[in-house]
Amino acid sequence: MGLHDNGTDGPVAGTGAGADGDDEELAALALKILVAGGFGVGKTTLVGSVSEIRPLRTEEALSRAGELVDDTEGVDQKTTTTVAMDFGRITIRSGLSLYLFGTPGQDRFWFMWDELSQGALGAVVLADTRRLEDCFPAVDYFEHRRIPFVVAVNCFTEARHHGAHEVSRALDLDQGTPVVLCDARDRDSGKEVLIRLVEYAGRVHTARLLESVEPQAGPV
Amino acid sequence: MEGQWYDAEAGPLVRPYAMTGGRTKPGPHGVRFDLIALVVVDPDGGEGAVGAAGSPLGPEHRALLGLCRSETQSVAELAAEADLPVGVVRVLLGDLLEAGHVKVSRPVPPAQLPDERILREVIEGLRAL
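Residues numbered from 1 in each chain as written. Chains lettered and ligands numbered in written order. Predicted model: local features only at pLDDT ≥ 70, side-chain atom pairs only at ≥ 80, totals over all residues.

Within an unreviewed UniProt entry, the label attached to chain B reads DUF742 domain-containing protein, and the organism entered is Streptomyces goshikiensis.

See the structure below:
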C-alpha cells in the first residue's frame, strides 16, 4: 500500500497517456466506470447528476442473444432485442475523460457486463437498504472478476438509515471495500462516490502490482 | 414522436443490420471497438464519399462522419447520437476506418491501468467540478 510510484514507469506502457499535448487527439485517454445495482436503485439518476452531458441511452442490438438465451439448436436466431445502457461523460481536461456506464439490470443481459467491464477502472454498486439483496449479483460479479468497486448506499428519504459498516457486514464485503452513503440526485454526493472509487481503484492496482512484482523482484 | 401509433416497445422498423448489409462484424481488420474507443476524423482521409471498396458511403456512414467532425467522440456516444445500436455502429466504423476516413484509438488494455499520476489528475478534476 505504501508504494510510491513516481509515475515514470507506471503500469501502462505505450499509451502515451496524453501527458504531453503534442499528439493530443490520438493520445486522448478515456476511462470507464460502471454503475451497477438493482432495478430502480438510482443508476440513471447517479449517472445524470454527475455527467456533463444529458444522460444518453445507447442501445445494443443482441446478435448473440440467441446463443445464450435459447437452447434450441440449429435455429439461427438473430434477435434484435435491444439492451439500453445509460451513460455519461465527465471531461477532466482536454484528452482525459471519464465515461460512466449504467449496466443493464436484467439478469439475461449478464453477458453485456463482460464487455462493459473490459478495461474498466472500477465500478460503483448502488444499494438501497430496503432491498439490499438486489445488489448481491453485482457485488458477486465484481468480486469474482477482481474489479475494484465501492458500494454506494443511496439514501432514499423514506428509508431507514443504516451505518456504512452495517451494510458492509450485511453484504459480507471483502475487507477494504469502501461503503459510501450518498444521495444519487446530488451532484456533489455523486462526485464524492466517484472520488472514493478512483482512490480505491488506485490502491487496489498498486497492491496487485506489488503482488505480481514481488516474487521475481529480489535476487533471493 | 408524438402521434405515432407505435413506440419503442414495438422495436425498430428497419432491422438494424439492414444498414450494414447484414454484416454483424466489422470488416477484415476484425477489431472490436470498445465502447469508449475514441473516434477521430482522419485529416488525411479523403473528402470523397467513397468507401474502401469504391462503393459510396451510406447515409449512416455520413451521419457518423458528421458527428465525429464536430468533436472527438466515443463509440458509445456515436451510437447514442446517431440513434443506432452499438453493434451496427461498430460495423459502420469498421468501413470508415478501412476507407481511411477515421482513426480509432485503442482503449487501455484490460488489467492495465493508467499510472498514478493520471488517477490523481482524475481525482483532482472531480473535486474541481
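Participant: How would you summarise the pairing of strand β6 (residues 149–154) of chain A if you had to cite specific residues and measurements?
Facilitator: Residues and elements named next belong to chain A. In terms of residue burial, β6 counts as a mostly covered element, since six of its six residues are buried. Along β6, one buried face is formed by F149, V151 and V153 and the opposite face, lined by V150, A152 and N154, is buried too. In this structure, strand β5 (residues 122–127) lies alongside β6, joined through five bridges in parallel fashion. Looking across to β6, one finds that L126 is bridged to A152. Handedness of the crossover joining β5 and β6 through helix α5 (residues 136–144) is recorded here as right-handed. Sheet analysis places β6 next to strand β7 (residues 179–182), joined by four bridges and oriented parallel. When the bridges of β7 are listed, A152 appears paired with V180. (Buried ≥ 20, exposed ≤ 12 C-beta atoms within 10 Å, placed from the backbone. Helix = DSSP H or I, 4+ residues; strand = E, 2+ residues; numbered from the N terminus. Pairing = 2+ DSSP bridges. Right-handed = clockwise from strand over helix to strand, strands pointing away.)

Participant: Which residues make up the sheet that holds strand β2 (residues 73–74) of chain B, and what are the values?
Facilitator: Residue and element names in this part refer to chain B. The three strands are arranged β2-β1-β3 in an open sheet whose pairing can be described as antiparallel. Unpaired on one side and paired on the other, β2 and β3 (102–104) mark the two borders of the sheet. In the packing of helix α1 (residues 59–70) onto the sheet, contacts are made with β1 (38–41), β2 and β3, and the angle to β1 comes to roughly 90 degrees. The sheet strands contacting helix α3 (residues 86–98) are β1 and β3, and the helix crosses β3 at an angle near 115 degrees. (Contact = placed C-beta atoms within 7 Å. Axes fitted to C-alpha atoms, helices over the stretch in contact; angles between N-to-C directions.)

Participant: Go over the packing of α1(B) against α3(B), please, and point to the residues and values.
Facilitator: All names here are of chain B. Where α1 contacts α3, the axes come no closer than 10 Å and their chain directions differ by 80 degrees. Compared by their axis directions, α1 and α3 come out roughly perpendicular. Residues E60, H61, L64 and L65 of α1 form the contact with α3, whose own contacting residues are V89, L92, L93, D95 and L96. Residue composition of the contact of α1 with α3, by class: six nonpolar, one polar and two charged. (Parallel < 35°, antiparallel > 145°, perpendicular 65-115°, else oblique. Nonpolar A, V, L, I, M, F, W, Y, C, P; charged D, E, K, R; others polar.)

Participant: Can you break down the environment of A:W110 residue by residue, with the values?
Facilitator: All names here are of chain A. In this fold, W110 is placed in helix α4 (residues 110–117). You can call W110 partly exposed: it has 13 C-beta atoms within 10 Å. Along the primary structure W110 and V124 are separated by 14 residues, whereas in three dimensions their C-alpha atoms are 16 Å apart.

Participant: Can you explain the packing of α1(B) against helix α2 (residues 75–82) of chain B? Please cite residues and give values.
Facilitator: Residues and elements named next belong to chain B. Contact geometry of α1 with α2 gives a least axis separation of 10 Å together with a crossing angle of 120 degrees. Taken together, the axis directions place α1 and α2 in an arrangement best described as oblique. The interaxial crossing formed by α1 with α2 has right-handed handedness. Each of E60, A63, L64 and L67 in α1 lies in contact with α2, whose residues at this interface are L78, E81 and A82. (Left-handed = near helix turned anticlockwise from the far one by under 90°.)

Participant: Can you explain the nonpolar core? Please cite residues and give values.
Facilitator: One recurring pattern in soluble globular proteins is that nonpolar side chains are buried together. Counting residues in each nonpolar core, the largest one holds 80 residues, and the members touching the most others are A:I33, A:V124, A:V125, A:L126, B:V75, B:V89 and B:L93. Here this core takes eight residues from α3(B), the largest share from any one element. Those residues within four positions of B:L93 in sequence are excluded, and the remaining contacts are B:P26, B:F33, B:V39, B:L64, B:V75, B:V102 and B:V104. (Core = buried A, V, L, I, M, F, W, Y, C linked by C-beta atoms within 7 Å.)

Participant: Any details on α4(A)? Residues and values, ideally.
Facilitator: Residues separated by three or four positions in an α-helix point in the same direction, a consequence of the helix having 3.6 residues per turn. Looking only at α4(A), the buried set comprises A:M112, A:W113, A:L116 and A:S117. One face of α4(A) carries all of its buried residues, which in axial projection span an arc of 125 degrees. (Arc of directions from axis to C-beta.)

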